[in-house]
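# Chain and residue survey
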Amino acid sequence: MKNQPVIEIKNLYKSFGQTRVLNDFNLTLFKGENLVLMGKSGSGKSVLIKCLVGLMDFDKGSIKVLGKDISNIKQSELDELRTDIGFLFQGSALYDSMTVRENLEFPLRRHQNDSESKTKARVEEALENVGLPQTIDLMPAELSGGMQRRIALARALILKPKIIIYDEPTTGLDPITAKEIILLMMNIQKKYATSSLIITHDVDCARVISNRMILLLDGKDYIQGTFNELALSEDPKIKAFFK
Amino acid sequence: MKFLSSHQSGFISFFNEIGDMGNFTGRYFRELFSKPFEFREFLNQCYQMGNKSLLLVGVTGFILGLVFTLQSRPTLMEFGAVSWMPSMISISIVREIGPVIIALICAGRIGSSIGAELGSMKVTEQIDAMEVSGTNPFKYLVVTRILAATCMLPLLVIIGDFVALVGSAIIENAKGDVSFTLYFNQVFEALEFTDLIPATLKTFFFGFAIGLVGCFKGYNSNKGTAGVGKASNSAVVFTSMLLFVLDFIAVFITDIFYS
């Protein structure tokens, strides 16, 4: 593990009206690391990652991604930075008016000036990576939930990002498909040496994939450590997650 | 008191929405003139709105021409003025009925479709996904749709007007033994540029209104799938009202210039 930070969040605050969702939250993701962020539903995990990619403004604090402070960069720089971040949405978020091929081609056409043949080859490679080359001309509505999640993963990876953010990657999937997705995430991490931030409340997923974990409680980074350290903790608030 | 306070909050939310729409319109014009221009998506939207509305506009226009002529015929016959039929029909259709009816049809077809599509993209995080991939979703989804609606509506109205006149000519041919050549000669004699230009100009504004309201409602929809239905429905209702207001303003201005 190289100790080079790719994401640094310091003293982050975010409120909605009177409700404080993030309260002095800190996080560092290192290069090549799989960091799992766990927390209860509604604890602010999704808000955090939306702040992280600039989809939502935060009130106070700083977020540095690949050395750039995202609150102090121009929109064009932010767009450029976003090409280094792959994002797997909880609901897959595939463009439902486009075929699988068009979904995968979309980021390529906008950010790379590849020839038609190279674009085609990259789309096919991305689909091979997730084991779904046969779905290339299907519409998202024709795919199962697990297949949609895999295609979304292929789309997140197509620009070969340095960081991948997974928002609840196994939520809503049956245990077998969830395991397949976890395996796929591990393979991808090995193949592309990406750094991953995984937001989940699936303990199995965290156990298998995490190098390090952070528990998000009351808007704070309550505790950090390896899965085993947290699982063996006697703190009742931590124990509640591992029951 | 409850009645008053509920109406008061209704007024406040109405004016808030008008303010939000003003900001949305301002952003549209800022993004319209900044690079990059999404030409491919603009053409795609022109095809979706123009070509795919053609049948609906054609059928509506044709029936409009038929019915309008059938309804007017007995009255004109009573006054011995049936020979005025082509002039009367053409001026009414080109100046007023054609643009308004076809704009209303398009508000239903195009406005609701934009509202539902963008609303569904919003609640399923597709718009967020687009933004995260480094694409400006406002430019890609909103600017292209509003511009396409603005450009396509005048063409659809011209086609609809022509088809309505063909429908009217068929009735005149069947009932009054008026040849197509004679009918259209009288139509072109009756119509002047002062009829055509203001009527065509206002359709650009109608198209803009349809695209703008559909995009605004869809892009700002929330509250899950129920919000998508609401966005689609309110896009049609609000656009229909707005079309009549715009029509009144257009007629008022035309009247000042040409009276």
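Residues numbered from 1 in each chain as written. Chains lettered and ligands numbered in written order. Predicted model: local features only at pLDDT ≥ 70, side-chain atom pairs only at ≥ 80, totals over all residues.

### As for the overall build of chain A
Defined as follows: Segments assigned H or I by DSSP are reported as helices when at least four residues long, segments assigned E as strands when at least two residues long, and all are numbered from the N terminus. Within these notes, the globule rule equals 2.2 Å times the number of residues to the 0.38 power, and the radius of gyration is based on C-alpha atoms. Buried residues are those with 20 or more other C-beta atoms within 10 Å of their own C-beta, exposed residues have 12 or fewer, and partly exposed residues lie in between; C-beta atoms are placed from the backbone. Throughout, a residue-residue contact means that the two C-beta atoms, derived from backbone geometry, are no farther apart than 7 Å.
Within chain A, the regular secondary structure consists of nine helices and ten strands. At 18 Å, chain A has a C-alpha radius of gyration in line with the 18 Å of a compact globule built from 243 residues. Across its three principal axes, chain A shows a C-alpha extent of roughly 55 × 45 × 40 Å. When the 243 residues of chain A are sorted by exposure, 40% land in the buried category. Residue pairs at least 24 apart in sequence account for 67% of intrachain contacts in chain A once pairs closer than 6 positions are excluded.

### Quick notes on the overall build of chain B
Summing up its helical and strand segments, chain B has nine helices and zero strands in all. Listing each helix as α and each strand as β along chain B from the N terminus yields α-α-α-α-α-α-α-α-α. The principal-axis extent of the C-alpha atoms belonging to chain B is close to 65 × 55 × 35 Å. Evaluated residue by residue, chain B yields a buried proportion of 39% over its 259 residues.

### Structural notes on the confidence of the model for chain B
Residues and elements named next belong to chain B. Condition: For every residue, the predictor states its confidence as a pLDDT score lying anywhere from 0 to 100.
Confidence in the prediction of chain B, expressed as mean pLDDT, is 91, and 98% of residues score 70 or more. When mean pLDDT is compared element by element in chain B, helix α6 (residues 137-176) scores highest at 95, while helix α1 (residues 2-32) scores lowest at 85. For this predicted complex, the interface confidence score (ipTM) comes to 0.87, while the overall pTM stands at 0.88.

### Topic: the sheet that holds strand β7 (residues 163-167) of chain A
Residues and elements named next belong to chain A. The criterion, for reference: Here, a strand pair is defined by DSSP locating no fewer than two bridges between the strands. Where helices are involved, their axes are fitted lines through C-alpha atoms of the stretch in contact, as for all axes, and angles between N-to-C directions lie from 0 to 180°.
Strand order in this open sheet of six strands is β6-β7-β8-β3-β9-β10, and the pairing throughout is mixed. Two strands bound the open sheet, and with one partner strand each, they are β6 (85-88) and β10 (220-225). Averaged over all neighbouring strand pairs, the angle between strand axes comes to 20°, with direction disregarded. Note: β7 against strand β8 (residues 195-200), five bridges, orientation parallel. From the neighbouring strand, Ile164 faces β8, where its bridge partner is Ser196. Across the sheet, helix α1 (residues 45-52) lies against β3 (34-39), β7, β8 and β9 (212-217), angled at about 150° from β7, the strand it touches most.

### With respect to the pairing of β7 of chain A
Residue and element names in this part refer to chain A. Rules: The path from the first strand over the helix to the second decides the hand: if it runs clockwise while the strands point away from the viewer, the crossover is right-handed.
Buried residues dominate β7, accounting for five of its five residues. Burial along β7 is two-sided: Ile163, Ile165 and Asp167 facing one way and Ile164 and Tyr166 facing the other are all buried. Pairing geometry for β6 and β7, over four bridges, is parallel. Paired with Ile85 across the two strands is Ile163, which belongs to β7. In this fold, β7 hands off to helix α6 (residues 175-192), which returns the chain to β8; that crossover is right-handed.

### Some thoughts on the sheet that holds strand β1 (residues 5-16) of chain A
Residues and elements named next belong to chain A. Read across the open sheet, the four strands follow the order β2-β1-β4-β5; overall the sheet is antiparallel. Unpaired on one side and paired on the other, β2 (19-30) and β5 (68-69) mark the two borders of the sheet. Direction of pairing for β1 relative to β2: antiparallel, over a ladder of nine bridges. Paired with Ile9 across the bridge in β2 is Leu27.

### Topic: the packing of helix α2 (residues 39-50) of chain B against α6 of chain B
All names here are of chain B. Here is the rule we go by: When describing relative orientation, an angle under 35 degrees is termed roughly parallel and one over 145 degrees roughly antiparallel, while 65 to 115 degrees is termed roughly perpendicular and anything else oblique. Less than a right angle of anticlockwise turn of the near helix away from the far helix marks a crossing as left-handed, whereas a clockwise turn marks it as right-handed. Polar here means any residue other than Ala, Val, Leu, Ile, Met, Phe, Trp, Tyr, Cys and Pro, which are nonpolar, and Asp, Glu, Lys and Arg, which are charged; Gly is therefore polar.
The N-to-C vectors of α2 and α6 enclose an angle of 45°; their axes lie 8 Å apart at closest approach. Our classification of the angle between α2 and α6 gives oblique. In this structure, the crossing between α2 and α6 has a hand that is right-handed. Here Glu41, Phe42, Gln45, Cys46, Met49 and Gly50 of α2 lie close against α6, whose contacting residues are Tyr140, Thr144, Arg145, Leu147, Ala148, Ala149, Cys151, Met152, Leu155 and Leu156. Within the contact of α2 with α6, the residues separate by chemical class into eleven nonpolar, three polar and two charged.

### Here's the deal with the environment of Tyr140 of chain B
All names here are of chain B. Inspection of the secondary structure assignment puts Tyr140 in helix α6. We classify Tyr140 as buried; it has 21 C-beta atoms within 10 Å. Taking the C-alpha atoms as reference points, Tyr140 and Glu31, separated by 109 residues in sequence, lie 9.9 Å from one another. Tyr140 has contacts with Glu38, Glu41, Met130 and Thr135, leaving out every residue within four places of it along the chain.

### Observations regarding helix α3 (residues 54-78) of chain B
Residue and element names in this part refer to chain B. Our working rule: Expected helix span is computed as 1.5 Å times (number of residues minus one).
Taking 1.5 Å per residue, 25 residues should reach 36 Å; α3 reaches 37 Å between its end C-alpha atoms and fits that length. Of all the positions in α3, only Val57, Thr60, Gly61, Leu64, Gly65, Phe68 and Thr69 are classed as buried. The secondary structure elements touched by the buried residues of α3 are α4 (85-123) and α6. Phi turns positive one or two residues past the end of α3, at Gly80, with a value near 65°.

### So, the interface of chain A and chain B
Facing 15 residues of chain A, the contacting portion of chain B comprises ten residues. Counting only elements with at least two residues in the side of chain A that touches chain B, the list comes to α2 (75-82) and α3 (100-111) of chain A. In terms of residue count, α3 of chain A provides more of the side of chain A that touches chain B than any other element does, four residues in total. Looking at side-chain class alone, the side of chain A that touches chain B contains eight nonpolar, three polar and four charged residues.

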